[in-house]
Amino acid sequence: MTYAFPPGGLPDQSVNPEGTAVFTEAYAVLPAVTQRDIVTSYLPGWTGMRMWVLARPLSGFAETFSQYAVELAPGGGSDKPEVDPEAQSVIFVVGGTLTLNIDGARHALAPGGYAYVPPDTVWTLWNDGESPAKFHWIRKRYVEAEGVDTPEAFVTSDQDVAPTEMPDCNGVWATTRFVDPTDLRHDMHVNIVTFQPGGRIPFAETHVMEHGLYVLEGTADYLLNKDWVPVGPGDFMWLRAFCPQACITTGDGRFRYLLYKDVNRHMPL
Ligand SMILES: NC(=O)N[C@H](N)C(=O)O
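Residues numbered from 1 in each chain as written. Predicted model: local features only at pLDDT ≥ 70, side-chain atom pairs only at ≥ 80, totals over all residues. Heavy atoms only, no water.

Overview of the nonpolar core
Within soluble globular proteins, side chains that are nonpolar tend to cluster in buried spots.
Part 1: Tyr-222, Met-237, Phe-255 and Tyr-257 are the most contacted members of the largest nonpolar core, which has 24 residues in total.
Part 2: At the level of elements, strand S2 (27–30), strand S14 (188–195), strand S16 (211–217), strand S17 (220–224), strand S18 (227–231), strand S19 (236–239), strand S20 (245–249) and strand S21 (255–262) are the ones that each hand at least two residues to this core.
Part 3: Among the elements that line this core, the one with the most residues is S17, at 4 residues.
Part 4: In this view, Phe-255 contacts Val-193, Thr-194, Phe-195, Val-215, Glu-217, Gly-218, Thr-219, Ala-220, Tyr-222, Val-231, Cys-247 and Thr-249; residues no more than four positions away in its chain are not counted. (Core = buried A, V, L, I, M, F, W, Y, C linked by side-chain atoms within 4.5 Å. Buried < 20%, exposed > 50% of the residue type's maximum accessible area, 1.4 Å probe, protein only. Helix = DSSP H or I, 4+ residues; strand = E, 2+ residues; numbered from the N terminus. Contact = heavy atoms within 4.5 Å.)

Focus on the sheet that holds S20
Hydrogen bonds between backbone groups are what pair the strands of a sheet, and the pairing can be parallel or antiparallel.
Part 1: A sheet is described by the order of its strands in space; here 4 strands give the open sequence S15-S20-S17-S18, paired in antiparallel fashion. The open sheet has two free edges, formed respectively by strand S15 (200–205) and S18, since each of these has just one partner strand. Ignoring which end each strand starts from, the neighbouring axes of this sheet average 20° apart.
Part 2: Relative to S20, S15 runs antiparallel, the two being bridged by 3 bridges. When the sheet's bridge partners are listed, Ile-201 is paired in S20 with Cys-247. (Pairing = 2+ DSSP bridges. Axes fitted to C-alpha atoms, helices over the stretch in contact; angles between N-to-C directions.)

A short note on the environment of Gly-77
Part 1: By secondary structure assignment, the location of Gly-77 is in strand S4 (residues 65–78).
Part 2: Take Gly-77: its relative accessible area is 1%, and that puts it in the buried class.
Part 3: Between the alpha carbons of Gly-77 and Asp-160 there is a distance of 26 Å; along the sequence they are 83 residues apart.
Part 4: Among residues more than four places away in sequence, those in contact with Gly-77 are Gly-45, Trp-46, Thr-47, Leu-72, Leu-125 and Trp-126.

As structure tokens, then:
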């Protein structure tokens, strides 16, 4: 679709081969083209960082997470990235390298690097490399539960975790699970979903869990509620609870996305 708007201003969001920004009661789509300078934020307590807020709670208890796409210049970082002691984080690196210190333990993260940081943790994050680093930062307030401990920090990578195939899908749909789904200490999962060319979610999934989906690779038509939306690398989708969802891959390569969901806790009443 093309728009009749005259050119001007920054950025140009009028031409987007992968689709256009959409905001509905059930979902939002922020195409990669919307993540440009005009909507940048900077956080206090950080140097050399800028970020795009992709998701945030909108209406009190009904939404559960925030997600930032962060760019960190060489030498940039923070000695106190988080200000909320109840917030837990997942860091997922999509470009460059990062040095993460958690409780005094030093970790080097490269693209595909994944870190879980529990609430109330002392941690630092710096770009000690010579190129800009890019990462996703997903935050959720940790909900304590009687009889389960708070999870410990861990660092791993996309390359080090074997994906689990979905049953009866001929291996075209798999999920890389960084946390054991039966580990009830965790109240959020940040996974990677991978479809081989021709793969699809063959039914409209509907569930109470909220989602953030950031497309890492490939293209697809994604069903969001009643609409089919074309998506590609760098596009972000936010799905509220119950939003029906499915997808059909459209390219020659794999289609992959980082997927947030809230799990394993009572619902607030
Ligand atoms: N949209 C999705 O990829 N949803 C996943 N199957 C999930 O809810 O785990």
